[in-house]
Amino acid sequence: MGSKCPAKFQNLDFCAPSTHDNPYEMYDYFLEHEPLYFDEKNEVWEVFRYDDIVRIERDTETFINGEGCRPNIPADPGMIYQDGEQHNKQRALVSSGFTPRQMRKMEDRAREIVTELVDNMLATSGEVDIVADLATALPMRLIADMLDIPQEKRSAVQSWMNTAIQGGQGPDYVTDEVNDAFSAFVMHHEEMHAARLEAGCTGSDILTIWMNAEINGEKLDESELLFEHILLNTGGAETTRNAIAGGLEQLSNDPKQYDALYENPDLIPNAVEEIIRWVCPFINMYRTATRDYELHGKVIKAGQQVGLTYPAANRDPRHFSDPHTFNIFRDFSKDSKHLSFGLGPHFCLGASLARLEVRLSLEEMTRRVKSIRIPEGKEVEYISSSFTRGLTKFPAILESR
Ligand code: HEM
């Protein structure tokens, strides 16, 4: 550790949730002065700069997912933990549930859900919670519909997943509660799997599509199916929730930008990108080095993990002008593309679905809601986590147009 490093940035535990509470001053320090940092407590490296993340994500010979992409947590059979051919195979099979035809169906369904949720919020006299009433409800209902989860099971599944994802912060966070939530989900998966087998796999839900999917005679085996099912729930629900709620929070603070979207809805797709850059719902993914690798005068040793700190890279001034300003007019052709969805072979499979959900939320909210105001004495509450970023509560009074 260099002697000039301010005391508050020394000996940081990057798996501790509090390390990433209001983290931008800390990220800025590392972006500028110490772009490769060794976290001694967890024995993992951390990188921050945009170019370093790009370099590592692209060098799939040197940096692999197969030894785990969460810090010190072993890999499971899901696609995100696979490399090379095995990853290609699983990703291709799972993609069969994300075809353009599926996406079109999803758009119609997502529009119906958003319309209903905005109707309900506007019918509420007084305060709503944008996290619960819109941002959580939309992705959860869409995923539950995609999977055809029985109505009575939906809120339990959501709560297991909210708990299970906390285990992704590191071994100290894999608590009994996390293990119980995980086991409950496994039982739920087994019930769903058995019901589909019994029905002869004739349904059109995504689990059935995955069970039937076959490429060159290869299918997903049972444990792959289970972990893709988990990945869809953990990867797809909380992240999108945080993008929707975090974006609307920024816009509620800046009525000029909110009004600009109402006056010119063509700006919405660009606003979606700025929101996803700004919120950056996943803080990091990890890779493991297969050989010694020198970077910034230090050596990442073979077998060591390195964390890709996406929200820091999204504010790297080498790639984004005025990076700490939320700006729906940001010119991404002059700046770089944000890294919130990662890059390379593991680039988020659900990116178009996530963009669609954020876009529809903005379209319906700006079209029907004149202003979003946080009630006097109330505050937005944030997640404290070393894996996910976003809001847990967004109390608001909505004024309809
Ligand atoms: C704003 C919302 C979302 C964000 C920020 C996000 C972010 C990410 C990131 C950072 C990765 C890892 C990329 C890498 O390692 O290079 C990833 C992978 C993945 N995401 Fe998302 N995600 C979002 C929404 C979704 C949705 C809605 C789904 C599905 C319904 C989804 C499914 C997946 C899957 C299956 C992978 C693994 C891909 C692979 O390993 O090939 N994500 N996502």
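Scroll up to find the structure.
Here we summarise the structure given alongside this text.

Reading the values: rules and limits
- Residues numbered from 1 in each chain as written.
- Predicted model: local features only at pLDDT ≥ 70, side-chain atom pairs only at ≥ 80, totals over all residues.
- Heavy atoms only, no water.
- Helix = DSSP H or I, 4+ residues; strand = E, 2+ residues; numbered from the N terminus.
- Rg over C-alpha atoms; globule rule 2.2 N^0.38 Å.
- Buried < 20%, exposed > 50% of the residue type's maximum accessible area, 1.4 Å probe, protein only.
- Lys, Arg positive; Asp, Glu negative; His and termini not counted.
- Charge placed at Lys NZ, Arg CZ, Asp CG, Glu CD.
- Contact = heavy atoms within 4.5 Å.
- Pairing = 2+ DSSP bridges.
- Near = heavy atom within 4 Å.
- Polar contact = N/O pair within 3.5 Å; in protein donor to acceptor, adjacent residues only side chain to side chain.
- Nonpolar A, V, L, I, M, F, W, Y, C, P; charged D, E, K, R; others polar.
- Axes fitted to C-alpha atoms, helices over the stretch in contact; angles between N-to-C directions.
- Parallel < 35°, antiparallel > 145°, perpendicular 65-115°, else oblique.
- Core = buried A, V, L, I, M, F, W, Y, C linked by side-chain atoms within 4.5 Å.
- Donors = N, O, S within 2.8 Å, 3.2 Å for Na, K, Ca; no water.
- Salt bridge = Lys/Arg side-chain N within 4 Å of Asp/Glu carboxyl O.
- Left-handed = near helix turned anticlockwise from the far one by under 90°.
- Arc of directions from axis to C-beta.

Let us look at the overall build of the chain. Across its full length, the chain carries 14 helices and 12 strands. Its C-alpha atoms give the chain a radius of gyration of 21 Å, near enough to 21 Å, the size a compact globule of 401 residues would have. Counting over 401 residues, the chain shows a buried share of 57%. The positive charge centre, built from 41 side chains, and the negative charge centre, built from 65, are 5 Å apart in the chain.

For the rest of this paragraph, the subject is the environment of L117. With respect to the helices and strands, the residue L117 is situated in helix 4 (residues 100–123). For L117, a relative accessible area of 6% translates into the label buried. Apart from the residues lying within four places of it in its own chain, the contact partners of L117 are D133, L134, A137, L138 and R141.

Here we come to the sheet that holds strand 3 (residues 63–64). Read from one edge of the open sheet, 5 strands run 1-2-8-5-3, paired in mixed fashion. Either end of the sheet is taken by a strand with one partner, and the two such strands are strand 1 (36–39) and strand 3. Where strand 2 (residues 44–47) meets strand 8 (residues 305–309), 3 bridges bridge the pair, whose relative direction is parallel. Following the sheet pairing, E46 is matched in strand 8 by G307.

So, about the site of the ligand. Lining the immediate environment of the ligand, one finds 28 residues, of which E57, H87, R91, H346 and C348 sit closest. Between the ligand and G235, the relevant distance is 3.3 Å, taken from a nitrogen atom to a main-chain nitrogen or oxygen of the residue. Contact distances for the ligand include 3.1 Å between an oxygen atom and a backbone N or O atom of L343. If you list the elements that add at least two residues to the shell around the ligand, you get helix 3 (84–95), helix 9 (222–236), helix 10 (238–253), strand 5 (284–289) and helix 14 (351–368). No other element matches helix 9, which puts 4 residues into the shell around the ligand. By residue class, the composition of the shell around the ligand is 16 nonpolar, 9 polar and 3 charged.

Between helix 9 and helix 10, the shortest axis-to-axis distance is 4 Å and the interhelical angle comes to 15°. Judged by the angle between their axes, helix 9 and helix 10 are roughly parallel. Contacts from T234, G235 and G236 in helix 9 reach E238, T239 and T240 in helix 10. The residue makeup of the contact of helix 9 with helix 10, split by class, is no nonpolar, 5 polar and 1 charged.

One recurring pattern in soluble globular proteins is that nonpolar side chains are buried together. Ranked by internal contacts, the top residues of the largest apolar core, which has 82 residues, are M365 and I372. When neighbours within four sequence positions are excluded, I372 is seen to be in contact with I130, L248, S252, Y258, M365, F394, A396, I397 and L398. With 28 residues, the next largest nonpolar core counts W45, V47, I80 and A313 among its residues.

Turning our attention to the coordination of the iron atom of the ligand. No other protein atom reaches the iron atom of the ligand as a donor apart from C348 (SG), found 2.3 Å away. Within the secondary structure, C348 is located in the loop between helix 13 (310–313) and helix 14.

What you see with strand 2 is no split at all: V44 and E46 on one side and W45 and V47 on the other are buried throughout. In this structure, the hairpin formed by strand 1 and strand 2 is closed by a connection of 4 residues, where E43 is found at a positive phi of approximately 55°.

This part is about the pattern of salt bridges. Opposite charge on two side chains lets them pair, provided their charged atoms get close. Applying the stated criterion to the full structure yields 32 salt bridges. Between R359 and E107 there is a salt bridge whose closest N-O contact spans 3.2 Å. Of this pair, R359 sits in helix 14 while E107 sits in helix 4, placing them 252 residues apart in sequence. In this structure, E116 and R141 form a salt bridge, with 3.1 Å as the shortest nitrogen-oxygen distance. Of the two residues, E116 sits in helix 4 while R141 sits in helix 5 (residues 130–147), which places them 25 residues apart along the sequence.

A few words now on the packing of helix 7 (residues 176–198) against helix 9. Packed helices, taken two at a time, are described by the angle their axes make and the gap between the axes. In the contact formed by helix 7 and helix 9, the axes pass within 11 Å of each other and the chain directions differ by 115°. Classified by chirality, the crossing of helix 9 by helix 7 is right-handed. Together, F182, F185, V186, H188, H189, M192 and H193 of helix 7 and E222, L225, L226, F227, H229, I230 and N233 of helix 9 make up the contact between the two elements. For the contact of helix 7 with helix 9, the class distribution of residues is 8 nonpolar, 5 polar and 1 charged.

On to the side chain of D39, then. Looking at the element boundaries, D39 is found in strand 1. Summary of buried charges: D39 has no salt-bridge partner, and the nearest side chain of opposite charge, K41, is 7.1 Å away. Setting aside residues up to four positions removed in sequence, D39 forms contacts with L12, D13, F14, C15 and V44.

Okay, helix 11 (residues 255–263) next. Along helix 11, the residues classified as buried are Q257, Y258, A260 and L261. Taken end-on, helix 11 shows its buried residues confined to a sector of 155°, consistent with a single buried face. Exposed residues pointing more than 90 degrees away from the buried face of helix 11 are listed as K256 and E263.

For the rest of this paragraph, the subject is the sheet that holds strand 9 (residues 369–373). The sheet built from 3 strands is open, its strands ordered 4-12-9 with antiparallel pairing. Each end of this open sheet is capped by a strand with a single partner; those strands are strand 4 (128–129) and strand 9. Taken together, the 2 bridges between strand 4 and strand 12 (residues 395–400) define a ladder with antiparallel strand orientation. Bridge pairing links V128 to A396 in strand 12.

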